[in-house]
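Topology and contacts: notes
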Amino acid sequence: MASVYKSLSKSDNPASKEDALSTGPKNRQRVLILSSRGITYRHRHLLNDLYSLLPHSRKDAKLDTKSKLYQLNELADLYNCNNVLFFEARKGKDLYIWMSKPPNGPTVKFHLQNLHTMEELHFTGNCLKGSRPVLSFDATFDNAPHLKLIKELLTQTFGVPKGARKTKPFVDHVMAFTVADNKVWTRVYQINETEAGKTSAIPEQGLPMPSATEVTTSAKGKKDSETKLNLVEIGPRFVLTPIIIQEGSFGGPIIYENKEFVSPNQVRREVRVARSAKYNNRAEATIERKAKKGDLGLTTSGGRTKEIDELDEKMLFA
């Protein structure tokens, strides 16, 4: 009864209504993270790293199908999630990431390359689990319409809203997204604070924060001290290559397609064709050499060339 009375008193209080109107609608984002069958241990470690960095996410079991991806919309509705991050593994080698906004879309399909997890990198940086990140985007995202859409999806997927589930009131790391060579390069850094005149026990790694400024703090009986901010890389790091953008959630017409993308299957096929071409050239050269020596009346035996003897047993009893 106490909870009912409290809720009714808040609804009747005009001050609480004014506060709600002044604050505006809350940013409610929840991310569903899951994978398909056939992922490797490195893919699974990346999924766990992202799950630990995103306190507003929910991890689910593996999806049995790779063709009926529209079932992910039902799963997102079941778990009350409005963002889906789906890891699709192909042939135990290639990893594709689907980023969608159910139930109406859009959906972006990425090809993930140059994957390095936290366990592989062994960086000295660290951040508080459950803290909120600062999202840093390159200015190139504002130059093309499809990059603007990708930026918005990345913001709503990796941006942890204030007061979300399992979050802590701290902002101590940065997620940087940079566009280079028509690919999205992702890095994660810790915001490290160092007092002036003291050397940090953690060696500096990565690039200095471009917007870092020296913060001056003062206290009674103490001189003004300057605090320097720098970035220490945490991990993971990976590169995303956009392939297609669909209008709906895991379906609908394709509104963008990357014409420069080459499938890794095609790359492997070209390598096999190049190797087979070398073998075919050597085999044809061997056949031509034997035919030419046969026309000249020569034969090869043990790597030596000799003339054909008409009284030889091979010629008489051939």
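Worth saying up front: this structure is predicted, and the values here are computed from it rather than measured.

Looking only at helices and strands, the protein features 8 helices and 14 strands. A total of 318 residues make up the protein; the buried ones form 35% of that total. Of the contacts made within the protein by residues no fewer than 6 positions apart, 67% connect residues no fewer than 24 positions apart. Only carbon and sulfur atoms are counted for the fraction: they give 52% of the accessible area of the protein, which is about 20,300 Å².

The next thing to look at is a nonpolar patch on the surface. On the surface, a cluster of nonpolar side chains totalling about 220 Å² of accessible area is made up of Val262, Val267 and Val271. Turning to its location among the elements, Val271 is positioned in helix 7 (residues 264-295). Owing to a relative accessible area of 40%, Val271 belongs among the partly exposed residues under this scheme.

Those residues of helix 4 (residues 71-78) lying buried are Leu72, Asn73, Leu75 and Ala76. For helix 4, the angular spread of the buried residues around the axis is 160°, confining them to a single face. Structural note: helix 4 exposes Glu74, Asp77 and Leu78 on the side pointing more than 90 degrees away from its buried face. Packing partners of the buried residues in helix 4 comprise strand 1 (31-35) and strand 3 (83-90). Backbone geometry just after helix 4 places Asn80 at a positive phi near 60°.

One can find Thr194 in strand 8 (residues 183-195). Considering only alpha carbons, one finds Thr194 and Leu229, 35 residues apart in sequence, at a separation of 6.4 Å.

Looking now at the pairing of strand 3. Among the 8 residues of strand 3, 7 are classified as buried, and the element is accordingly described as predominantly covered. Note: strand 1 against strand 3, 5 bridges, orientation parallel. Residue pairing for strand 3: Ser35 is matched across the bridge by Phe87. By the bridge criterion, 7 bridges tie strand 3 to strand 4 (residues 94-100) in an arrangement that is antiparallel. What sits directly across from Phe87, in strand 4, is Ile97. In sequence, strand 3 turns back onto strand 4 through a hairpin of 3 residues, with Lys91 there showing a positive phi of about 60°.

Turning to the pairing of strand 5 (residues 107-116), a few remarks are in order. Most of strand 5 sits out of view: 7 of its 10 residues are buried. With 6 bridges joining them, strand 4 and strand 5 adopt antiparallel strand pairing. The partner of Leu95 across the bridge, within strand 5, is Leu112. Adjacent in sequence and paired antiparallel, strand 4 and strand 5 are bridged by 6 residues, among which Gly105 carries a positive phi angle near 95°. Direction of pairing for strand 5 relative to strand 11 (residues 237-246): antiparallel, over a ladder of 8 bridges. Considered in strand 11, the bridge of Thr107 is made with Gln246.

This part covers helix 3 (residues 41-53). Across its 13 residues, helix 3 extends 18 Å between first and last C-alpha, which sits within 8% of the 18 Å expected from 1.5 Å per residue. Within helix 3 the residues assigned to the buried category are His43, Leu46, Leu47, Asp49, Leu50 and Leu53. One side of helix 3 carries all its buried residues, which in axial view fall inside an arc of 160°.

Attention now goes to the pattern of salt bridges. Any two side chains of opposite charge can pair if their charged atoms end up close together. Inspection of the entire model under this criterion finds 8 salt bridges. Between Arg37 and Asp64 there is a salt bridge, and its shortest N-O distance comes to 3.1 Å. Of this pair, Arg37 sits in the loop between strand 1 and helix 3 while Asp64 sits in the loop between strand 2 (57-59) and helix 4; the two residues are 27 residues apart in sequence, bridging distant segments of the chain. By sharing partners, the salt bridges in this structure join Arg187, Glu233 and Arg237 into a single network.

What follows deals with the packing of aromatic side chains. Each aromatic ring pair is characterised by the separation of its centres together with the angle its planes make. Scanning the model with the defined rule gives 4 aromatic pairs in all. Geometrically, the ring pair formed by Trp98 and Phe250 is tilted, given 6.0 Å between the ring centres and 40° between the ring planes. One end of the pair, Trp98, is in strand 4; the other, Phe250, is in the loop between strand 11 and strand 12 (254-257), with 152 residues separating them in the sequence. For the pair formed by Trp98 and Phe250, the shared burial category is buried. Ring geometry for Phe137 versus Phe177: centroids 5.2 Å apart, planes at 20°, classification stacked. Highlighted residues: Phe137 in strand 6 (residues 132-137) and Phe177 in strand 7 (residues 171-180), separated in sequence by 40 residues. We classify Phe177 as buried; its relative accessible area is 1%. An aromatic cluster is present here, built from Phe137, Phe141, Phe158 and Phe177 joined pairwise through their rings. The lysine or arginine in question, Lys109, covers the ring of Tyr96, its NZ or CZ lying 4.8 Å from the ring centre.

Rules used throughout
Residues numbered from 1 in each chain as written. Predicted model: local features only at pLDDT ≥ 70, side-chain atom pairs only at ≥ 80, totals over all residues. Heavy atoms only, no water. Helix = DSSP H or I, 4+ residues; strand = E, 2+ residues; numbered from the N terminus. Buried < 20%, exposed > 50% of the residue type's maximum accessible area, 1.4 Å probe, protein only. Contact = heavy atoms within 4.5 Å. Areas by Shrake-Rupley, 256 points an atom, 1.4 Å probe, with all protein chains shown as cover. Patch = residues over 30% accessible without salt bridge, like charges linked within 9 Å, V, L, I, M, F, W, Y side chains within 5 Å. Salt bridge = Lys/Arg side-chain N within 4 Å of Asp/Glu carboxyl O. Arc of directions from axis to C-beta. Pairing = 2+ DSSP bridges. Expected span 1.5 Å × (residues − 1). Phe/Tyr/Trp six-rings, centres within 6.5 Å; stacked < 30°, edge-to-face > 60°. Lys NZ or Arg CZ within 6 Å of the ring centre and 35° of its normal.

Function cannot be inferred from these measures alone, as they are strictly geometric.
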